[in-house]
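Structural description and commentary
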Amino acid sequence: MPLRRIAFCAAAMIVAATNFADARPDSRKMTCAQTQALIQSRHAVVLTTGANTYERYVRQFGNECDAPYVPMVDYVPASDGRCVVYRCEEPAPMVPD
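Read on for a plain summary of the structure. On a predicted model such as this, the values are computed, not experimentally measured, just so you know.

What counts, and where the lines are drawn
All chains use their own residue numbering, which begins from 1 and follows the written sequence. The predicted nature of this model means local features are confined to residues of pLDDT at least 70 and side-chain atom pairs, given and counted, to a pLDDT of 80 or more, with totals for whole chains, interfaces and linings taken over all residues. As a rule here, side-chain values come from all non-hydrogen atoms in the structure, and water together with hydrogens is ignored. Per the convention used, a helix needs a DSSP run of H or I reaching at least four residues, while a strand needs a run of E reaching at least two, with both numbered from the N terminus. Classification of residues uses two cut-offs on accessible area relative to the type maximum, computed with a 1.4 Å probe and protein chains only: under 20% is buried, over 50% is exposed, and between them is partly exposed. By the convention used here, residues are in contact when the closest approach between their heavy atoms is within 4.5 Å. Counting rule for disulfides: a pair of cysteine sulfur atoms within 2.5 Å. For this analysis, a ring pair means two rings from Phe, Tyr or Trp (six-membered ring only for Trp) whose centres lie within 6.5 Å, classed as stacked if their planes differ by under 30 degrees, edge-to-face if by over 60, and tilted for the remaining angles. Sitting over a ring, as applied to charges here, requires NZ of Lys or CZ of Arg to be within 6 Å of the ring centre and within 35 degrees of the ring normal. The patches reported here contain residues having more than 30% relative accessible area and no salt bridge. Joining distances are 9 Å for like charges and 5 Å for nonpolar side chains (Val, Leu, Ile, Met, Phe, Trp, Tyr). Only the protein chains shown count as covering a residue, and every accessible area follows the Shrake-Rupley method with a 1.4 Å probe. Put simply, a salt bridge is a Lys or Arg side-chain nitrogen that is within 4 Å of an Asp or Glu carboxyl oxygen.

1. Brief notes about the overall build of the protein chain
A count of helical and extended segments in the protein chain gives two helices and four strands. When the elements of the protein chain are put in sequence order from the N terminus, they spell out α-α-β-β-β-β. Split into buried and exposed, the 97 residues of the protein chain put 25% on the buried side.

2. Here's the deal with unusual backbone geometry
Cis geometry is adopted by the peptide bond preceding Pro-68, which originates at Ala-67 and carries an omega value of 5°. As for its placement among the helices and strands, Pro-68 is situated in the loop between β2 (54–58) and β3 (70–78).

3. Digging into the environment of Leu-47
Mapping Leu-47 onto the fold places it in strand β1 (residues 44–48). Judged by relative accessible area, Leu-47 falls into the buried class, the value being 0%. In this structure, Leu-47 is in contact with Arg-24, Pro-25, Ser-27, Met-30, Thr-35, Leu-38, Ile-39, Thr-53, Tyr-54, Glu-55 and Tyr-57, ignoring residues within four places of it in sequence.

4. Observations regarding the state of the cysteines
Tallying each qualifying case throughout the model produces two disulfides. With its sulfur 2.2 Å from that of its partner, Cys-32 forms a disulfide with Cys-83. Across the S-S bond of Cys-32 and Cys-83 the torsion is about 75°, and the bridge reads as right-handed. Of the two residues, Cys-32 is situated in helix α2 (residues 32–42) and Cys-83 in strand β4 (residues 81–89); the sequence distance between them amounts to 51 residues.

5. Focus on the packing of aromatic side chains
Here the structure, examined in full by the defined rule, presents zero aromatic pairs. The residue whose ring lies beneath Arg-24 is Tyr-54, and the NZ or CZ to ring-centre distance is 4.2 Å. Directly above the ring of Tyr-75 sits Arg-82, whose terminal nitrogen or CZ lies 4.0 Å from the centroid.

6. Thoughts on a nonpolar patch on the surface
Nonpolar side chains collect at one region of the surface, where Val-73, Tyr-75 and Val-84 lie side by side and expose about 250 Å² of accessible area between them. Note that Tyr-75 resides in strand β3. A residue is classified by how much of its surface remains accessible, and Tyr-75, at 42% relative accessible area, is partly exposed.

Take a look at the structure:
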């Protein structure tokens, strides 16, 4: 009986570990339209953009960025090319010369 419990627990841990591995969407596996729709529907998403890179992206018009940060244009790889998205950045000061 204890062997069955151990086997069941091991199987449950394997299933849980593989489900958590897919928790962050990969922009490279989606089309640009799918990526933009995902960001729009969730308001902010952390996307995998490369083998060891990820970033948080937000919708253009919303309040997902904390002050003084604002949504700024960025590009991510998509299955159909480069995709325009937005991420929170501090705007450059506009100081006259």
